[in-house]
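Summary of structural features
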Amino acid sequence: MRKGAPGGVYITYDDGPDPQNTPALLEVLRKYDASATFFMVGCNMEEHPEIVRAVIAAGHRIGFHSYEHQSAKRTTLAHFRRDLSRARSLAEQFDYPLTLYRPPFGDLSPLSLVTLLVSGWKVVMWSRDCGDSHENLEQVKRNVSADSIEDGDILLFHDDYPEAVELLEAALHGFATAGLRCKHL
């Protein structure tokens, strides 16, 4: 999936939970009555379970972003399957149905894709990369300005980006002014 359903835009965060930014992002999302989907790395979920629970309690959606942020193209199928097994354990630990998967770097091998689909995962990519992992803040803000967003866009952000909170505040302010509704997947 590279686009969401019409009638909104879809903010997604990769790589967290981040102990500093994720709680602050939750506050900004609450302020604007916006929803998001957080694609979390398994080892970070285990390290910060209280943040995982806060994201769930706030009504946002969680997806799995691998256990250690490894490319599925650069690991064995056996390792990839162990990764998915760890996701199932995390789902039990948090009593949360992990069904969304976003591959680190957008990398999937044909076998890893088939494994995901046969196992019941829904693979979620993005239609717009905000560029927060490689561009300066002002360019990133332009990348996600309301006039550049299309209905149904899935926006890729990272909650470990140093300016994540400032960026979200600016984006949501612009979206609210333009009448764009932020939903979770």
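Structural notes, computed from the coordinates. (Residues numbered from 1 in each chain as written. Predicted model: local features only at pLDDT ≥ 70, side-chain atom pairs only at ≥ 80, totals over all residues. Heavy atoms only, no water.)

As for helix α7 (residues 164–178)
Rules: Secondary structure is summarised from DSSP: a helix means a run of H or I of at least four residues, a strand means a run of E of at least two, and numbering begins at the N terminus for each. Helix span, expected: 1.5 Å multiplied by one less than the number of residues in the helix. Relative accessibility under 20% of the residue-type maximum defines a buried residue, over 50% an exposed one, and the middle range a partly exposed one, all with a 1.4 Å probe and only protein chains included. Arc definition: directions from the helix axis to the C-beta atoms. Should any heavy atoms of two residues lie within 4.5 Å, those residues are counted as being in contact.
Helix length check: α7, at 15 residues, gives a terminal C-alpha distance of 21 Å against a target of 21 Å (1.5 Å per residue), a fit within 8%. Every buried residue of α7 is listed here: Ala164, Leu167, Leu168, Ala171, Leu172 and Phe175. Angular distribution of buried residues about the axis of α7 spans 120°; they occupy a single face of the element. Buried residues along α7 sit in contact with β1 (9–14), α1 (21–31), α6 (137–143), β7 (154–158) and β8 (182–183).

Details of unusual backbone geometry
The linkage connecting Gly16 with the following residue, Pro17, adopts the cis geometry, with an omega of 5°. Within the element layout of this structure, Pro17 appears in the loop between β1 and α1. Positive phi values are uncommon outside glycine, yet Ser66 reaches one of about 80°. For Ser66, the location among the structural elements is in the loop between β3 (61–64) and α4 (77–94). Assessed through its relative accessible area of 1%, Ser66 is described here as buried. Non-glycine residue His69 carries a positive phi angle of around 60°. With respect to the helices, strands and loops of the structure, His69 is situated in the loop between β3 and α4. What makes His69 partly exposed here is its relative accessible area of 23%.

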